[in-house]
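# Fold and geometry: a report
Single-letter residue listing:
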Amino acid sequence: MRKTAFSALLTFLLLFSFSISAFAEPQSKPNGPWIQPNQEVKLESLMSPEQLEEKLHQINERARDGRMDLEVVGHSATYEYPIYAVKFGEADTDNPKVFIQTQIHGDEQLGTEASIDLIQQLAMSNNKDIVEILDNVTVWFIPMLNPDGAVIFDTPNGQSKQRQNIQTWDPAEYGLDEGTSAPWYYRPDSVSGEMGFDVNRDFHPHLDLELSPETADLIPSVSSQPGVFATPEARASRDVFAELQPDLFIDHHHRYSNVVSEEDDSLNTLQVIAQVVNDDTMVSYDGVDYQLEEDSLNLSKQVNSLVYQSLQKGNSPFSAVSRYPEVNLPGTALGSYSMNGAAIMLYETRGQQHPYGHTGQKANGQYTKQSYIGLYETLRGFATGEVYEIDPEFYDEEIPYGSPSIGRPN
Ligand SMILES: [Zn+2]
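For the structure given in this document, a descriptive report is provided here. (Residues numbered from 1 in each chain as written. Predicted model: local features only at pLDDT ≥ 70, side-chain atom pairs only at ≥ 80, totals over all residues. Heavy atoms only, no water.)

The subject of this paragraph is the environment of alanine 342. Of note, alanine 342 is situated in the loop between helix 7 (333–338) and strand 14 (343–350). Spatially, the C-alpha atom of alanine 342 lies 9.8 Å from that of isoleucine 250, the residues being 92 residues apart in sequence. Setting aside residues no more than four positions away along its own chain, alanine 342 makes contact with Phe241, Pro246, Asp247, Ser296 and Tyr337. (Helix = DSSP H or I, 4+ residues; strand = E, 2+ residues; numbered from the N terminus. Contact = heavy atoms within 4.5 Å.)

Its location among the elements puts arginine 238 in helix 5 (residues 232–244). Here arginine 238 falls in the buried class, since its relative accessible area comes to 5%. A polar contact of 2.8 Å, which involves the side chain of arginine 238, links it to the side chain of aspartate 239. Apart from residues no more than four positions distant in its own chain, arginine 238 is found in contact with Leu207, Asp208, Leu209, Glu210, Phe229 and Tyr337. (Buried < 20%, exposed > 50% of the residue type's maximum accessible area, 1.4 Å probe, protein only. Polar contact = N/O pair within 3.5 Å; in protein donor to acceptor, adjacent residues only side chain to side chain.)

Right, let's get into the coordination of the zinc ion. Surrounding the zinc ion are the protein donor atoms His105 (ND1), Glu108 (OE), Glu108 (OE) and His253 (ND1), at 2.0 to 2.6 Å. Given four donor atoms and angles of 55 to 154° at the metal, the environment of the zinc ion is assigned as irregular. Counting the intervening residues between successive donors of the zinc ion yields the motif H-x2-E-x144-H. A residue pair is termed long-range when its members are at least 10 positions apart, and histidine 105 in the loop between strand 3 (97–102) and helix 3 (110–124) and histidine 253 in strand 9 (residues 248–255) qualify at 148 residues. Neither histidine 105 nor histidine 253 differs from the other in exposure class; each is buried. (Donors = N, O, S within 2.8 Å, 3.2 Å for Na, K, Ca; no water. Tetrahedral: all angles 85-135°; square planar, octahedral: opposite > 155°, others 65-115°.)

So, on to the sheet that holds strand 13 (residues 321–323). In a beta sheet, neighbouring strands are held together by backbone hydrogen bonds and run either parallel or antiparallel to one another. Taken in spatial order, the eight strands of this open sheet run 1-2-4-3-9-14-10-13, and their pairing is mixed. What marks the edges here is a single partner per strand, and that holds for strand 1 (68–75) and strand 13. In this sheet, neighbouring strand axes are inclined to one another by 20° on average, regardless of whether the strands run parallel or antiparallel. With three bridges joining them, strand 2 (residues 82–88) and strand 4 (residues 138–142) adopt antiparallel strand pairing. In the strand pairing of strand 4, lysine 87 is matched with tryptophan 140. Sitting on the sheet, helix 6 (residues 294–312) touches strand 9, strand 10 (270–273), strand 13 and strand 14, and the angle it makes with strand 14 is about 35°. (Pairing = 2+ DSSP bridges. Axes fitted to C-alpha atoms, helices over the stretch in contact; angles between N-to-C directions.)

Take the nonpolar core next. Core analysis: the biggest nonpolar cluster contains 95 residues, and Met68, Phe88, Val98, Ile119, Leu122 and Phe141 have the highest contact counts within it. Other than its neighbours up to four places away in sequence, isoleucine 119 contacts Leu56, Ile59, Met68, Val86, Phe88, Phe141 and Pro143. (Core = buried A, V, L, I, M, F, W, Y, C linked by side-chain atoms within 4.5 Å.)

What follows concerns the side chain of histidine 252. Within the fold, histidine 252 resides in strand 9. Of the residues examined, histidine 252 reaches a relative accessible area of 2% and is grouped as buried. Once residues within four sequence positions are removed from consideration, histidine 252 is found in contact with Gln101, Thr102, Gln103, Leu110, Gly111, Tyr347, Thr349 and Ser371.

Over its 19 residues, helix 6 extends 27 Å from the first C-alpha to the last, a length consistent with the 27 Å expected when each residue adds 1.5 Å. Immediately downstream of helix 6, the backbone of glycine 314 shows phi near 60°, a positive value. (Expected span 1.5 Å × (residues − 1).)

In structure tokens:
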């Protein structure tokens, strides 16, 4: 009797623990890492605007044989942080030219970390592959375009940075009437509540556009229309783009968690995209029609494919890569620049850096490395010419598409 009761209890416990584990089965392969409920979100391990500035000056002082130029190309809207461009190689060259930009959204920071690692290599290393890049590719960076958004503030759930810049819409600044409506992308930041602009909707394919009474009718009210360069951050970026006229523009972002596809439920570590405006989208200004060109779109697909292929090699922990959803956003940096003849690549790394979607400290090193590999292999692909040998159709046919978005497994 006693024995029977004991085995009944044992059976119950076994069943109970099985049912627990069945309930605990995550909705996706748990290749996280996820932030734990009690894990405090601390962002100090990632660079602040001050630390970035210090680091850039340190690297510049140690750079070999005048390889690197460090320039201030603008200042942020409210805290007036310098916005830096880091330049390797000349704009006036027959070499391919690459422009890498990070942290246009202040809470999307790992592209900055990866860029600093790459800048350090380019500035200091005499490794033959690095030297080959320097000899054959011009590469300019803006690491942290939006330093105001990158300033840490406290929230009830932990520390955070924010997506938007911090800026008050002041029509008089542009010579406009006091009652002039702001662009649609001026609003309170979703995390901080601070008024500002989504800098990544503030671009227009006509790069010389200045917001003034003559251009006030271009202030957009919907996202299908381009922006008007209302922010000093977007103007700093477009000045660098206009000076360099790059063959390729790379913009580095983060998004929340997705799985690879309906068929593959591995957690995405990265999403990529080669096209952010439709084939038939045209923006006309002053007699010029801005549109995507087939050559640059093909190069975009080659670059995105190269990065995808690089991340699939060997036993890569970064193989869960897919294509970002199709969008039509001419007011993004990528959109406007792609309508000016540049190939583009968007990085959307897993994990937003604030308490509502944070992936935790452990992921930061991994995802920084993933972006480093992508950026480095891209420069190698241009230095060796291999990027031009990739079939652009690989992008459409081989990179998984249609990733469902998921919440955190409990
Ligand atoms: Zn972003």
